[in-house]
2 protein chains.
Amino acid sequence: MEKKVAMEEKKAIIIGAGLVGSLWAVYLSKAGYTVTIFEGRSDIRLAEISAGKSINLALSTRGWKALDTVGVGDEVRKIAIPMFGRTMHSVAGDLSYQPYGEKDQAIYSISRGGVNSLMMDIAEKKGGATIHYNMKCIDADTEKGSVTLKNSITGKITEATADVVFAADGAFSAVRYNAFQKIDRFNYSQKYIGDGYRELLLPANDDGSYQLDKNSLHIWPRGKFMLIALANEGGSFTCTLFMPHDGDKNAFDKINTPEEVDTFFKSTFPDFYDMMPDINESWENHPLSSLAIMRSEPWHHGKTVLMGDAAHATVPFYGQGMNGGFEDCTVLWEIMLKHTDGENNVNWDATFNEYSEVRKPDGDALQDLSLYNYYVMRDYVADPKFLLQKKIEANFSKLYPNKWMPLYSQVTFSNIRYSEALKNGKRQSKIMDAVMRLENIEEKWESEEVINTILEKLDQ
Amino acid sequence: MEKKVAMEEKKAIIIGAGLVGSLWAVYLSKAGYTVTIFEGRSDIRLAEISAGKSINLALSTRGWKALDTVGVGDEVRKIAIPMFGRTMHSVAGDLSYQPYGEKDQAIYSISRGGVNSLMMDIAEKKGGATIHYNMKCIDADTEKGSVTLKNSITGKITEATADVVFAADGAFSAVRYNAFQKIDRFNYSQKYIGDGYRELLLPANDDGSYQLDKNSLHIWPRGKFMLIALANEGGSFTCTLFMPHDGDKNAFDKINTPEEVDTFFKSTFPDFYDMMPDINESWENHPLSSLAIMRSEPWHHGKTVLMGDAAHATVPFYGQGMNGGFEDCTVLWEIMLKHTDGENNVNWDATFNEYSEVRKPDGDALQDLSLYNYYVMRDYVADPKFLLQKKIEANFSKLYPNKWMPLYSQVTFSNIRYSEALKNGKRQSKIMDAVMRLENIEEKWESEEVINTILEKLDQ
């Protein structure tokens, strides 16, 4: 009798105890699966994470939906700081502000380490998952649903098999690398962009207060490079400098000595420089990192499927990497329910096929949107024409909310498919190009003529 | 004294005893290097290669130049069969012929196995290279110039180090996969096209004679799929069916039973079908294979460099895979000579940097051209308009050879850089589009008006 129960146990393996893997464990437990997670690194909850190492992420609507669906959103809300708009810092130190959406709409700053630790707790407690650490995936049999793991401390090699395997092991996915990439007709690309990034920690004031408005995402746009800052709990900001790796000037390969670091910040980001107690120490604390777009197709094979960054790693400029990964859970869950019979058995073949087919265009669009916002943040965010255009869009959108949702809102504050948002955005962009060509647009931007022009073009 | 000599010995490692690796060994020996080649497979010269397994390649000008530069062309000429043009076979069995170039210009059919065996002989005898077989490259330290090898028979793992390492280990390069792909900012993509291929062997007549003109490349173009045939020594032809993997009809996934194979060939390639003694046996003898474009960047790192398919694997439709790989040797050799000092020391850093920078656009262009010719062969080669256009081009080119070299000739019968040829080809294509739009072009294609139109457009 017991044997029968054991045989009927439904087992799932997740590779990677990151954000997506941990969340997906909760979903799977709801479907009655016993979940084992193998994580290549050690338990980050036991490691001492210096504040300087906190990477910040911006959680938005898609992420919240995925969290709330399995009732874990409120736990995350406790550590999230809302940002209602962008604050741009000019070289002269002038600030300009642009709301992200409607009054209460915000994106939420959270520390990657913080939310990941929390998600692991939730996976264990709410998902009943067992997490094994220091287990590097060195091979996988996608058809069989098995993985080969090497314990990086003992060196021991083991194999684990389950009914189904989820690879949520990030941009440099070992499952994708060791298994998918060798599959006939698997398409793959890794393309690094010309820019790299380096993080800096802006500390709190002595009294623990924030040096900048904590409810804004701060940007110092400088044409071909930019600095951004997101608030942490406790008064500090995690700041990131995005800049070309190589170049004549304003490039990472041109900033090598402490003097060069000092001069660069003093002349380019003077208000920021004045807030930093020791720019060089902060600079030295973080390595220069690279940014890449990684595309895969298909996302599944046999009993194994790619999720999150393993399937569609992107550059961080739309703040949608984590949100898109979380949304993979929502989408996969909905498809899975469709293919679950009355006895609670999932047809994984049908589920994976549909997931790969339906979701892949959205992964592509998420990547295209991320690249697009890279240029927006870097080049346009300080451009008066761009700001005027945003104002016209916002104005029209307020009058005709059903006819026009700004692209940023579609991506950030809705659950419209990324591929749909991208398509809508392209159409809007064409219309706005025409509007911006109207004579004296600067003066009549709120006029009926402008409104009617947009209405006409929308009807075409 | 002897120790000093030993220390001054210049050592090179080549991964892969394929066409490019074997040829490059001869070049390196000319530069005074002691060459060790590690090949993952067994010695193909000792294996019995059935005629049915012969893949055929078309050797052309770039390939001959690379072979002749180190004096090994004549050896290869002995096993090469010239093809002076294409013979197209219609469904009705009608033949039409199109010369590839001028009277004596030909591409040469050679068997991959045959030329590879010959090249290995040459590498050993002329290049003094030592070839180790069954040595799978499982890791590489690109900076150090070392490779880790696993003997696939004994299981023994060894490491080898040299002054410089050349990865000529093909489309699925182990060096690229195990080392380059993990290097920060290495761009890579593998993209499979929708078509696969399957080979068939058309045997000789009973008296050993050829069933088709051996000095033609035979094509049965059928719109979205095609069959081609290249002559072997001994009277047989190696034929290849290129066709979509999946589709409503005329796709590999629709041809599964012996009856379906029979019906397909009988109805689509009736003249070919009549020549085949047993279409099903031949069909079963070869697996269905896939076709991919693999792009890498950069091609070098530290002391290690990618060559041939490892750097720029392409689809076979321009017959330039081997030729482009051989040309890598010519190009790398010329750059290397530039960076060799009076004491015969090569500055490999400078050589690799220049090779990667100069040659990469040509690798890209070779791949773009291969894809372009895929559509030409599949879709246009039987189109009367396309054939007329080729006649106009040939006519003009004969009158003004310095003003117009057809794209096919630039790629196949010249050493013009692939990137240059592609650029020229695009310009010519625009001009010919305009020419083909002239009224009654069918009647006046040899007229002065047409000639003058081309001349005018060339001057613009």
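Treat the numbers as computed from the prediction; the structure is a model and nothing was measured.

**Q** Any chance you could explain the domain arrangement of chain A here in plain terms?
**A** Interfaces are often sized by the accessible area lost when the parts come together. All names here are of chain A. Splitting chain A by domain gives domain 1 (2-48 + 112-190 + 292-374) and domain 2 (383-459). On a C-alpha basis, the centres of domain 1 and domain 2 stand 38 Å from each other. Taken together, the contact between domain 1 and domain 2 spans 14 residues of the former and nine residues of the latter. Note on domain 1 versus domain 2: buried area summed over both sides is about 1,100 Å², and carbon and sulfur give 59% of it. Looking at the side of domain 1 facing domain 2, the largest losses of area belong to Tyr318, Asp362 and Leu369, adding up to 45% of the total buried there. Our count for the contact surface shared by domain 1 and domain 2 stands at one salt bridge. A salt bridge links Asp362 to Arg417, with the nearest nitrogen and oxygen atoms 2.9 Å apart.

**Q** Even after reading the chapter, I still don't get the relation of the copies chain B and chain A, so can you show me in this structure?
**A** Applying a rotation about an axis and a shift along it to one chain copy brings it onto the other copy. Overlaying chain B with chain A gives an RMSD of 0.0 Å, the required rotation being 180 degrees about an axis along which the chain moves by 0.0 Å. Those values place the two copies in the arrangement expected of a two-fold rotation axis. Proximity to the rotation axis, assessed at the C-alpha, singles out B:Ser189 in chain B; its C-alpha lies 2.0 Å from the axis. When the interface residues of chain B are mapped onto chain A, 100% of them again fall at the interface, so both copies present the same face.

**Q** It is not clear to me how the pairing of strand E16 (residues 237-244) of chain B should be interpreted in this structure. Could you clarify?
**A** It is a general feature of regular strands that their side chains alternate between the two faces of the sheet. All names here are of chain B. The element E16 is extensively covered by neighbouring structure, given that eight of its eight residues are classed as buried. As judged from the six bridges shared by strand E15 (residues 226-231) and E16, these two strands associate in the antiparallel manner. Bridge pairing in E16 places Ala229 opposite Cys239.

**Q** Whenever I open this one, the interface of chain B and chain A confuses me. Can you help?
**A** If you look at the interface, chain B gives 17 residues, while chain A gives 18 residues. Three residues, B:Tyr177, B:Arg185 and B:Gln190, lead the burial of chain B against chain A; their summed loss comes to 40% of the area buried on that side. Viewed at the interface, chain A and chain B are joined by two salt bridges. With a shortest N-O distance of 3.3 Å, A:Asp246 and B:Arg185 are connected by a salt bridge. Where chain B packs against chain A, one counts 16 residue pairs in polar contact (both at pLDDT 80 or more). Looking at the side of chain B that touches chain A, the elements with two or more residues in it are helix H6 (174-178) and strand E13 (187-202) of chain B. Per element, the largest residue contribution to the side of chain B that touches chain A is seven residues, and it comes from E13(B). Residue classes in the side of chain B that touches chain A are distributed as four nonpolar, eight polar and five charged. As judged from the three bridges shared by strand E13 (residues 187-202) of chain A and E13(B), these two strands associate in the antiparallel manner. Residue pairing in the sheet places A:Tyr188 in a bridge with B:Gln190 of E13(B).

**Q** Can you help me understand the packing of aromatic side chains in this one?
**A** Both the distance between ring centres and the angle between the ring planes are used here to describe each pair of aromatic rings. Under the defined criterion, the tally for this structure stands at 62 aromatic pairs over all chains. When the ring of B:Phe166 is compared with that of B:Trp348, the centres are 5.5 Å apart and the planes differ by 70 degrees; the resulting orientation is edge-to-face. Of the two residues, B:Phe166 sits in strand E12 (residues 164-167) while B:Trp348 sits in helix H12 (residues 348-380), which places them 182 residues apart along the sequence. The rings of A:Trp220, A:Phe225, A:Phe252, A:Phe264, A:Phe265, A:Phe269, A:Phe272 and A:Trp283 are connected pair by pair, giving a single aromatic cluster. Cation over ring: A:Arg77 sits above A:Trp64, and NZ or CZ is 4.4 Å from the ring centre. We note B:Arg62 situated over the ring of B:Tyr418; from NZ or CZ to the ring centre the distance is 4.0 Å.

Analysis parameters
- Residues numbered from 1 in each chain as written.
- Chains lettered and ligands numbered in written order.
- Predicted model: local features only at pLDDT ≥ 70, side-chain atom pairs only at ≥ 80, totals over all residues.
- Heavy atoms only, no water.
- Domains from an automatic or database assignment.
- Contact = heavy atoms within 4.5 Å.
- Buried area = accessible area lost by both parts, 1.4 Å probe.
- Salt bridge = Lys/Arg side-chain N within 4 Å of Asp/Glu carboxyl O.
- Least-squares fit on C-alpha atoms with pLDDT ≥ 70 in both.
- Buried < 20%, exposed > 50% of the residue type's maximum accessible area, 1.4 Å probe, protein only.
- Helix = DSSP H or I, 4+ residues; strand = E, 2+ residues; numbered from the N terminus.
- Pairing = 2+ DSSP bridges.
- Polar contact = N/O pair within 3.5 Å; in protein donor to acceptor, adjacent residues only side chain to side chain.
- Nonpolar A, V, L, I, M, F, W, Y, C, P; charged D, E, K, R; others polar.
- Phe/Tyr/Trp six-rings, centres within 6.5 Å; stacked < 30°, edge-to-face > 60°.
- Lys NZ or Arg CZ within 6 Å of the ring centre and 35° of its normal.

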